[in-house]
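# Overview (structure and organization)
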Amino acid sequence: MVAELEAQLVRMNVGRQMVGAGNAALKHQFPTVPRPQQGPTCVGQIRYDCLMPWILRRWGSLWKYRCGERQHRIEGWSRIGGTVDLLVVGGGINGAGIARDAARRGLSVLLVEQNDLAFGTSSRSSKLVHGGLRYLEQMEFSLVFEAVSERRVLLDIAPHLVNPLGFLFPIFKGSRQSLATLKAGMWLYDGLSLFRSPKLHRSLTPADVAEEEPLLRQEGLKGAPLYYDCSTDDARLTLESALDGAAAGATVLTYTRVVGLLRSADGHVDGVRVRDMLSGEEREIRANAVINATGPWSDRT
């Protein structure tokens, strides 16, 4: 075994040295080899002269990021003071979207989040941007129209985050919904989107289904409409909404917890008291309007 290991080390052109006695240990010596003009080749052997520049670059990038993050936080806290037009509590997709929209309309906006952006349900969703096909059965046409319209907006402004996703809806003998009813619903669904769905639906025959999804049970299959909604990276969509709001002038502070509400003389909430979760510093913020966008935690806020 030792002879084979030594032969392998020779082939890898790695120096070796046997030290000690009894339970001797094999230590590798990594000679510094002059780098080729085209850059070092590190395939097949470990070379410190290859790894060290990479390690230094990684640590340097991390250091610059941490310094930039700290400076950004200091600048954000320095802007707290006076009265803002809108204070948004909660850094999920709703809070980030509200802050973005208000900042783009020219309002002074402050968003505070006690954890990181998209910490809660906004990073634990179904990852779907859908129009709500099932609501057609309940005659919620206005709701479906609003949903498919917003889906179109997201496709236009964030095509790198919102991607078409096909859904196959197989209908078997004895199914609650008939194939004809489902086909009519698909046309209505496309119509409510003003035929601007990612792709128009298709009605597949059993033979088409066998070709598209050969593992799907064929016995009793009458057909399967194929329709399209969209999928998304929910956390990244939240992050980019907040970044766009910040670019429009909003101040976004994470790890900033609301510890108390401020009220005017008539009892209306006109501000909050916040605590920096990293330093423990507390400040009071006044606002012309305060929006609670904490999602499932709304009643606790």
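The rules we used
- Residues numbered from 1 in each chain as written.
- Predicted model: local features only at pLDDT ≥ 70, side-chain atom pairs only at ≥ 80, totals over all residues.
- Heavy atoms only, no water.
- Helix = DSSP H or I, 4+ residues; strand = E, 2+ residues; numbered from the N terminus.
- Buried < 20%, exposed > 50% of the residue type's maximum accessible area, 1.4 Å probe, protein only.
- Contact = heavy atoms within 4.5 Å.
- Areas by Shrake-Rupley, 256 points an atom, 1.4 Å probe, with all protein chains shown as cover.
- Pairing = 2+ DSSP bridges.
- Right-handed = clockwise from strand over helix to strand, strands pointing away.
- pLDDT = per-residue confidence, 0-100.
- Core = buried A, V, L, I, M, F, W, Y, C linked by side-chain atoms within 4.5 Å.
- Expected span 1.5 Å × (residues − 1).
- Arc of directions from axis to C-beta.
- Axes fitted to C-alpha atoms, helices over the stretch in contact; angles between N-to-C directions.

With that out of the way, let us pick up the overall build of the protein chain. Looking only at helices and strands, the protein chain has seven helices and 13 strands in total. Per-residue burial for the protein chain yields a buried fraction of 30% across its 301 residues. Pairs at least 24 residues apart make up 59% of the contacts formed inside the protein chain by residues separated by at least 6 positions. Here the protein chain displays about 19200 Å² of accessible surface, and carbon together with sulfur accounts for 55% of that area.

What follows is about the environment of Gly 91. Along the chain, Gly 91 turns up in the loop between β3 (83–89) and α3 (93–104). Considered as a pair, Gly 91 and Ser 122 are 31 residues apart in the sequence and their alpha carbons are 8.9 Å apart. Excluding residues within four positions of it along the chain, Gly 91 makes contact with Leu 111, Val 112, Glu 113, Leu 117, Ala 118 and Thr 238.

Once that is clear, we can look at the pairing of strand β4 (residues 109–112). With burial as the criterion, each face of β4 is covered, one bearing Val 109 and Leu 111 and the other bearing Leu 110 and Val 112. Pairing analysis gives four bridges linking β3 to β4, with the strands arranged parallel. Note that in β4 the partner of Leu 87 across the bridge is Leu 110. Viewed along the sheet, the connection from β3 through α3 into β4 turns out right-handed. Pairing of β4 with strand β10 (residues 251–253) involves three bridges; the strand directions are parallel. What sits directly across from Leu 110, in β10, is Thr 251.

Time to look at the confidence of the model for the protein chain. Mean pLDDT over the protein chain works out to 81, with 75% of the residues at or above the 70 mark. Looking at the elements of the protein chain, mean pLDDT is at its lowest for strand β2 (residues 25–29), recorded as 39, and at its highest for α3, recorded as 96. Counting contacts from residues 9–48, a segment whose pLDDT is below 50, to residues more than four positions away or on other chains yields 40 contacts.

With that settled, consider the nonpolar core. Ranked by size, the top nonpolar core spans 13 residues in total, and within it Leu 86, Val 88, Val 109, Leu 111 and Leu 117 carry the most contacts. A total of four residues in this core trace back to one element, the largest contributor, which is α3. Excluding its chain neighbours within four sequence positions, the residues that come into contact with Leu 86 are Ile 98, Ala 102, Ser 108, Val 109, Leu 110, Ala 289 and Ile 291.

With 12 residues, α3 extends 16 Å from end C-alpha to end C-alpha; this agrees with the ideal 16 Å at 1.5 Å per step. Of all the positions in α3, only Gly 95, Ala 96, Ala 99, Ala 102 and Ala 103 are classed as buried. Around the axis of α3, the buried residues are gathered within 140° of arc, so they sit on the same side. Of the residues in α3, the exposed ones pointing more than 90 degrees away from the buried face are Asn 94 and Arg 104.

This paragraph deals with the sheet that holds strand β11 (residues 256–263). Strand order across the open sheet formed by six strands is β10-β4-β3-β13-β12-β11, with mixed pairing between neighbours. Two strands lie at the open edges of the sheet, namely β10 and β11, each paired on one side alone. Strand-to-strand twist of the sheet, defined as the mean angle between neighbouring strand axes without regard to direction, takes the value 40°. By the bridge criterion, six bridges tie β3 to strand β13 (residues 282–292) in an arrangement that is parallel. Considered in β13, the bridge of Leu 86 is made with Ala 289. Of the strands in this sheet, β3, β4 and β13 are in contact with α3, which crosses β4 at around 165°.

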